[in-house]
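This is what each chain is made of:
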Amino acid sequence: MTATNESPSPHDGQVPFGVLRSPREILFGAGVIAALPRVVSELGIRAFVCTDPVIARSDALRRFVQDARGQVVVEVYSAVEPELPLANVHRAIDAARAFEPDVIVGFGGGSAMDLAKLVSLGVVTSQPLSDFYGENLVPSTVLPIVAVPTTAGTGSEVTPVAVVADPGRALKVGISSPYLIPIVAIVDPNLTITCPPSVTAFSGIDALTHAIESYSASRRDPELHLPLPVFVGANSLSRGLGLEAARHIGPNLHTAVRDGANQGARSSMAYGSMLAGLAFGTGGTHLSHALQYPIGDLTHTPHGLGVGLLLPYVMEACLPSSAQSFARLGVAMGVVDEGSIDSHAAEATINFIVTLRSEIGVPHTLRELGVGENQLPKIVELSQTVARLVTNAPATDPRALLEPVARRAWAGISDVFAAQSLVAT
Ligand SMILES: NC(=O)c1ccc[n+]([C@@H]2O[C@H](COP(=O)([O-])OP(=O)(O)OC[C@H]3O[C@@H](n4cnc5c(N)ncnc54)[C@H](O)[C@@H]3O)[C@@H](O)[C@H]2O)c1
């Protein structure tokens, strides 16, 4: 694949080229959770539910178990841990093997949905999961997955990715395969109402980062006679979805954090996060995510906090090739006027992200996460190994951007935005 710098807009007159992989069915809207018993019973009679201790106590999960009774035998595995340590995954796979399910339900945040993907793979293979770390290494169909997100979010309900923290690796690792895309996604914004402000903030800025990175990813000419990579780079479909995702997330994230009971903001966040998942599930993300893999492992901080912290520094580094894209994102989010597709508009968009990030309680520097300056070279070295994300960045030499981005994010240096410290919400 050859890379071009500025991705074309869906409106710039170029012939559209698009790739989209998605669930067979997506149900979105307040109340759609009522469909879960029917959807599961259409896929099997033994359902293994992956969830975390908080969601296990929720009315929504209890109601599902009750309503499914008589049609489906349900086993609830409620010990999902945030950020998904590998030992946690192994315990869940053992429990699922003993239960012999024919459908797996991921009910919770990204950690629960990713666990569902890994369990659906783990029960059909005798190979260690590490054999599948990377792209396109899952050889065939896994058990059917139904995904029900309770955060907005990772977009995992529609993506081909599962992320795990393997103590044998110095960075978080992903298994990316179209076989891991859930068969059905049931996205009910009401399930996110109980998210506390910090979970809303970190998962929400993760979704915004998905929208912005997939929209600004490099555009590559696919070699159609070869198997396509999981992340094909920006294309007409991913860009359309990414822009629409930003339109919903940008103006609503702060409201959702400040006023969690605001159904309009919750609904826009859940919708935007799902669209961003569809966008990056084929378009891919880039440098914020590549750097976050080792930083997340080192600091044990939430994934969204890390990518949200890095995002403005990454956008600044990508400005020479992506000013138009950032300006269009700014228009979509209501930050700049329709007519202003120039570098000032792009900078205004970056400044908007910095202010938003500060308002919702995401730190400004890696230093604040406890990262030592002497750890930066290792972080850069490890992030370079996440080649599928690094090469997806919109630059002629994206590897060269990692070191300056890491240094600037550590010290809080920017030519575009002023230093801002953490503002508690
Ligand atoms: N598969 C993908 O495409 C993808 C994309 C991005 C991130 N991820 C992964 O997802 C994980 C992060 O997921 P996340 O941000 O959704 O958080 P999470 O699933 O780790 O949950 C964080 C916390 O929020 C709580 N929580 C979740 N929903 C709640 C609700 N409705 N009410 C109250 N509390 C609730 C959980 O109990 C947990 O304590 C990371 O492991 C990350 O690497 C996966």
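Residues numbered from 1 in each chain as written. Predicted model: local features only at pLDDT ≥ 70, side-chain atom pairs only at ≥ 80, totals over all residues. Heavy atoms only, no water.

Undergrad: Before we go on, may I ask you to explain the overall build of the protein chain in this structure?
TA: From N to C terminus, the protein chain includes 15 helices and eleven strands. For the protein chain, whose C-alpha radius of gyration is 20 Å, the value lies close to the compact-globule estimate of 22 Å for 425 residues. Along the first, second and third principal axes, the C-alpha set of the protein chain runs to 60 × 45 × 45 Å. Among the 425 residues that make up the protein chain, the fraction classed as buried is 60%. Put simply, 81% of the contacts in the protein chain that link residues at least 6 apart link residues at least 24 apart. (Helix = DSSP H or I, 4+ residues; strand = E, 2+ residues; numbered from the N terminus. Rg over C-alpha atoms; globule rule 2.2 N^0.38 Å. Buried < 20%, exposed > 50% of the residue type's maximum accessible area, 1.4 Å probe, protein only. Contact = heavy atoms within 4.5 Å.)

Undergrad: Can you help me understand the packing of aromatic side chains in this one?
TA: Aromatic ring pairs are described here by two measures, namely the spacing of the ring centres and the angle between the planes. Evaluation of the coordinates by the stated rule reveals five aromatic pairs. Residues Tyr313 and Phe417 carry aromatic rings whose centres are separated by 5.4 Å and whose planes lie at 70° to one another, so their mutual orientation is edge-to-face. Taken together, the positions of Tyr313 in helix α11 (residues 303-332) and Phe417 in the segment after α15 (399-411) put the pair 104 residues apart, joining distant regions of the chain. Accessibility expressed as a relative area gives 4% for Phe417, which makes it buried. Among the aromatic residues, those joined into a ring-pair cluster are Phe48, Tyr77 and Phe99. Stacked on the ring of Phe99, the Lys or Arg Arg46 has its end atom at 4.3 Å from the ring centre. Arg367 extends its terminal NZ or CZ atom over the ring of Trp410, reaching a point 4.9 Å from the ring centre. (Phe/Tyr/Trp six-rings, centres within 6.5 Å; stacked < 30°, edge-to-face > 60°. Lys NZ or Arg CZ within 6 Å of the ring centre and 35° of its normal.)

Undergrad: When you look at the pairing of strand β9 (residues 173-176) in this model, what are you seeing that I'm missing?
TA: The two faces of a sheet get side chains in turn, since along a regular strand they alternate between them. Judged by which residues are buried, β9 turns out to be covered on both faces: Val173 and Ile175 on one side and Gly174 and Ser176 on the other are all buried. Sheet topology note: the strand β6 (residues 134-135)/β9 ladder contains two bridges and is parallel. Residue pairing across strands places Glu135 opposite Ser176, the latter belonging to β9. Summarising the sheet, strand β8 (residues 161-164) and β9 pair through four bridges and their orientation is antiparallel. Within the sheet, the bridge partner assigned to Val163 lies in β9 and is Gly174. (Pairing = 2+ DSSP bridges.)

Undergrad: Just checking my understanding: could you explain the sheet that holds strand β4 (residues 73-77) for this structure?
TA: Remark on secondary structure: sheet strands pair via backbone hydrogen bonds, oriented parallel or antiparallel. Read across the sheet, six strands follow the order β2-β10-β7-β5-β3-β4 without closing on themselves; strand pairing throughout is parallel. Each edge of the sheet is formed by a strand with only one pairing partner; in this case those strands are β2 (25-28) and β4. Taken pair by pair, the neighbouring strands of this sheet meet at an average axis angle of 15°, ignoring direction. Of the strand pairs in this sheet, strand β5 (residues 103-108) and strand β7 (residues 145-149) are connected by five bridges, and their pairing is parallel. Within β7, the residue paired with Gly108 across the bridge is Pro149. The sheet contacts of helix α3 (residues 59-68) involve β3 (46-50), β4 and β5, and relative to β4 the element is tilted by about 155°. Most of the contacts of helix α9 (residues 263-283) go to β2, to which it runs at about 160°, and overall it touches β2 and β10 (184-187). (Axes fitted to C-alpha atoms, helices over the stretch in contact; angles between N-to-C directions.)

Undergrad: Could you clarify how one ought to interpret α11 in this entry?
TA: One full turn of an α-helix is made of 3.6 residues, so residues set three or four places apart face in the same direction. The terminal C-alpha atoms of α11 lie 25 Å apart, and with 30 residues this falls more than 12% below the ideal 44 Å at 1.5 Å per residue. Along α11, 26 of the 30 residues are buried, which leaves the element largely enclosed by surrounding structure. Just beyond α11, the residue with positive phi is Gly334, at close to 80°. (Expected span 1.5 Å × (residues − 1).)

Undergrad: Got a minute to help me understand the side chain of Ser111 in this structure?
TA: Its place among the elements puts Ser111 in helix α5 (residues 110-122). In this structure the side chain of Ser111 is engaged in a polar contact, spanning 3.0 Å, whose partner is the backbone nitrogen of Glu83. Excluding anything up to four places from it in sequence, Ser111 contacts Val80, Glu81, Pro82, Glu83 and Leu84. (Polar contact = N/O pair within 3.5 Å; in protein donor to acceptor, adjacent residues only side chain to side chain.)

Undergrad: Explain the packing of α11 against helix α12 (residues 343-359) to me, please; I cannot follow it from the model alone.
TA: To characterise two packed helices, one gives the angle between the axes of the helices and the distance between these axes. For the pair α11 and α12, interaxial distance at closest approach is 7 Å and the crossing angle is 145°. As α11 packs across α12, the resulting crossing turns out to be right-handed. Of the residues in the contact of α11 with α12, the class split is 15 nonpolar, four polar and three charged. (Left-handed = near helix turned anticlockwise from the far one by under 90°. Nonpolar A, V, L, I, M, F, W, Y, C, P; charged D, E, K, R; others polar.)

Undergrad: Help me out: how do you make sense of the pattern of salt bridges in this one?
TA: Where charged atoms of side chains with opposite charge meet at close range, the side chains can pair. Tallied over the entire structure, the rule returns eleven salt bridges. Across the pair Glu81 and Arg91 runs a salt bridge whose closest N-O atoms are separated by 3.3 Å. Here Glu81, found in the loop between β4 and α4 (86-99), pairs with Arg91, found in helix α4; they are ten residues apart in sequence, far enough to count as distant. By relative accessible area, which is 33% here, Glu81 ends up partly exposed. In this structure, the salt-bridge partner of Arg408 is Glu316, at a minimum N-O distance of 3.3 Å. Residue Arg408 is located in helix α15, and its partner Glu316 is located in helix α11; the two are separated by 92 residues in the primary sequence. With relative accessibility at 11%, the residue Glu316 sits in the buried group. Through salt bridges that share partners, Glu316, Arg408 and Asp415 make up one connected network. (Salt bridge = Lys/Arg side-chain N within 4 Å of Asp/Glu carboxyl O.)

Undergrad: Before we go on, may I ask you to explain the sheet that holds β6 in this structure?
TA: As summarised here, the arrangement of the three strands in space is β6-β9-β8, forming an open sheet in which the pairing is mixed. Strand pairing shows two members of the sheet lacking a second neighbour, β6 and β8, which therefore form its edges.

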